[in-house]
Amino acid sequence: MTFDVKGKYALVTGGATGIGLAYVKELLRNGVAAVAVADLDDRKGDNAVKELNTEFGSGKAIFIKCDVTKADELTATFQKAAQTFKGLDIVINNAGILDDSRWEMEIAINVTAVARGTWLAFDIMGKNKGGRGGVVANIASILGLQAMAGCPVYVATKHAVVGLSRSFGMPYHFDRTGVKVVTMCPGVTDTPLISEAHHRQFTDDLGKECGRELDSLPKQQPENVAKGMLHIIRNGSNGSVWVSEGGQPVYEVAIP
Ligand code: NAD
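Rules behind the numbers
- Residues numbered from 1 in each chain as written.
- Predicted model: local features only at pLDDT ≥ 70, side-chain atom pairs only at ≥ 80, totals over all residues.
- Helix = DSSP H or I, 4+ residues; strand = E, 2+ residues; numbered from the N terminus.
- Rg over C-alpha atoms; globule rule 2.2 N^0.38 Å.
- Buried ≥ 20, exposed ≤ 12 C-beta atoms within 10 Å, placed from the backbone.
- Contact = placed C-beta atoms within 7 Å.
- Axes fitted to C-alpha atoms, helices over the stretch in contact; angles between N-to-C directions.
- Left-handed = near helix turned anticlockwise from the far one by under 90°.
- Nonpolar A, V, L, I, M, F, W, Y, C, P; charged D, E, K, R; others polar.
- Pairing = 2+ DSSP bridges.
- Right-handed = clockwise from strand over helix to strand, strands pointing away.
- Parallel < 35°, antiparallel > 145°, perpendicular 65-115°, else oblique.
- Expected span 1.5 Å × (residues − 1).
- Bend = angle between axes of the 7 residues up to and from the residue.
- Core = buried A, V, L, I, M, F, W, Y, C linked by C-beta atoms within 7 Å.
- Near = placed C-beta within 6 Å.
- Arc of directions from axis to C-beta.

1. Describing the overall build of the protein chain
Scanning the protein chain from N- to C-terminus turns up nine helices and eight strands. For 256 residues, the compact-globule formula gives about 18 Å, and the C-alpha radius of gyration of the protein chain, at 17 Å, lands near that figure. With respect to the principal axes defined by its C-alpha atoms, the protein chain has extents near 50 × 45 × 35 Å. When burial is assessed residue by residue, the protein chain has 47% of its 256 residues classed as buried. Once local pairs closer than 6 in sequence are excluded, the contacts in the protein chain between residues at least 24 apart make up 70%.

2. Quick word on the packing of helix α3 (residues 71-85) against helix α4 (residues 103-125)
Here α3 crosses α4 at 35°, and the two axes come no closer than 10 Å. Here the hand of the crossing between α3 and α4 comes out right-handed. Across the interface between the two elements, Ala-71, Leu-74, Thr-75, Phe-78 and Ala-82 of α3 pack against Ala-113, Arg-116, Gly-117, Leu-120 and Ile-124 of α4. A class-by-class count of the residues in the contact of α3 with α4 yields seven nonpolar, two polar and one charged.

3. A look at the pairing of strand β5 (residues 134-139)
A large share of β5 lies buried, amounting to six of its six residues. Of the strand pairs in this sheet, strand β4 (residues 90-93) and β5 are connected by four bridges, and their pairing is parallel. Across the sheet, residue Ile-90 finds its bridge partner in β5, namely Val-135. Following the chain from β4 across α4 to the adjacent parallel β5, one finds a crossover that is right-handed. Both β5 and strand β6 (residues 179-186) contribute to a ladder of six bridges, which runs parallel. Residue pairing for β6: Val-135 is matched across the bridge by Lys-180.

4. Quick look at the packing of α4 against helix α5 (residues 152-168)
In contact at an axis separation of 9 Å, α4 and α5 are set at 10° when each is read in the N-to-C sense. Put simply, α4 runs roughly parallel to α5. Taking contact as the criterion, the partners of Trp-103, Glu-106, Ile-107, Asn-110, Val-111, Val-114, Ala-115 and Thr-118 in α4 are, on α5, Val-153, Tyr-154, Thr-157, Lys-158, Ala-160, Val-161, Leu-164 and Phe-168.

5. Remarks on the environment of Asn-238
Looking at the secondary structure, you find Asn-238 in the loop between α9 (222-235) and β7 (241-244). The exposure class of Asn-238 is partly exposed, given the 17 C-beta atoms found within 10 Å. Considering only alpha carbons, one finds Asn-238 and Gly-45, 193 residues apart in sequence, at a separation of 31 Å. With residues near it in sequence (within four places) discarded, Asn-238 still touches Gly-169, Phe-174, Lys-180 and Val-181.

6. Section: α4
In this model, α4 (23 residues) spans 31 Å end to end at C-alpha, consistent with the 33 Å of a helix rising 1.5 Å per residue. A bend of about 30° at Ala-113 is the largest found in α4.

7. Quick look at the sheet that holds β6
One open sheet accounts for eight strands, arranged β3-β2-β1-β4-β5-β6-β7-β8; its pairing is mixed. In this open sheet, the two edge strands, each paired with only one partner strand, are β3 (61-65) and β8 (251-253). The average undirected angle you get between the axes of adjacent strands in this sheet is 25°. Sitting on the sheet, α5 is in contact with β5, β6 and β7, with an inclination near 160° to β6.

8. A closer look at the nonpolar core
In this structure, Leu-11, Val-12, Tyr-23, Val-24, Val-35, Val-37 and Ala-137 are the most contacted members of the largest nonpolar core, which totals 66 residues. A total of nine residues in this core trace back to one element, the largest contributor, which is α4. Not counting the four nearest positions on each side in its chain, Leu-11 is found in contact with Ala-36, Ala-38, Phe-78, Ala-81, Leu-88 and Val-91. Within the second largest apolar cluster, nine residues are counted, among which are Leu-143, Cys-151, Val-188 and Cys-210.

9. Points about the site of the ligand
Contacts to the ligand come from 30 residues, most closely from Gly-14, Gly-18, Gly-96, Thr-191 and Leu-193. The biggest single contributor to the shell around the ligand is helix α1 (residues 18-29), with three residues. Of the residues belonging to the shell around the ligand, the class tally is 15 nonpolar, eleven polar and four charged.

10. Topic: helix α8 (residues 205-215)
Residue pairs spaced three or four apart in an α-helix point in one direction, given the helix's 3.6 residues per turn. Taken as a whole, α8 has its buried residues at Cys-210, Gly-211 and Leu-214. Down the axis of α8, the buried set is contained in an arc of 100°. They therefore lie on one face.

Below, the structure written as structure tokens:
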């Protein structure tokens, strides 16, 4: 059964820039009523929301400053979005970093906050909790499905997101909540996270190896991943895992 995004309300973590901002734009372009952009960076968040409200109409986007690693801030962010919009229908747990020199923080952002964000979405959107049901999309990576030298912990965090999401996407949860959970695995995408400037910050050998690997790969544009995201929110089945790479249309992967 397809999910109709028209008139729905969404929350995107890490939505101030990069692929997250492209998700926000794609949702609004396709009739989503309004989106809450939750991000650590208030300058980029404020700018993004100004730009979005100019492009799509006043009130279409709100900014909520949030560090997803702080449980109380993430909870307050979900509550504020749900209060402002009188409910939530779509959550994209997108915030992520690639920096194995801060690997404990990497786990906190890329894994712990995605697990917490999914539980919070169930609490607010779950039909068993008085919500309307909806869709949660968790952002892994092509590196959630394969290995790469230079960033072993990043690779592990993205494998964890695939496992988390597939498990949250089992009938046990959907039967109670009416919330579908899908996973997006982008390939290399042209964003600040992947820029050479970002890689120049890596000072240790492992980080430099990661930068070299990524710089050698062709990059797709965030808009391609965002188009794929809209497709999987609409058509992805509960627990399904999708890849968006090389600028090609998104495709589903079967994991045994
Ligand atoms: P980006 O660095 O361009 O944007 C990430 C956003 O997350 C930023 O706005 C940043 O301020 C925000 N953020 C970082 N830490 C935060 C925190 N603690 N709390 C709240 N917000 C925080 O990154 P991107 O390339 O757009 O990546 C988005 C997601 O896609 C990440 O999960 C990333 O791992 C994943 N991904 C990216 C690529 C790629 O090639 N760019 C490939 C596969 C997966």
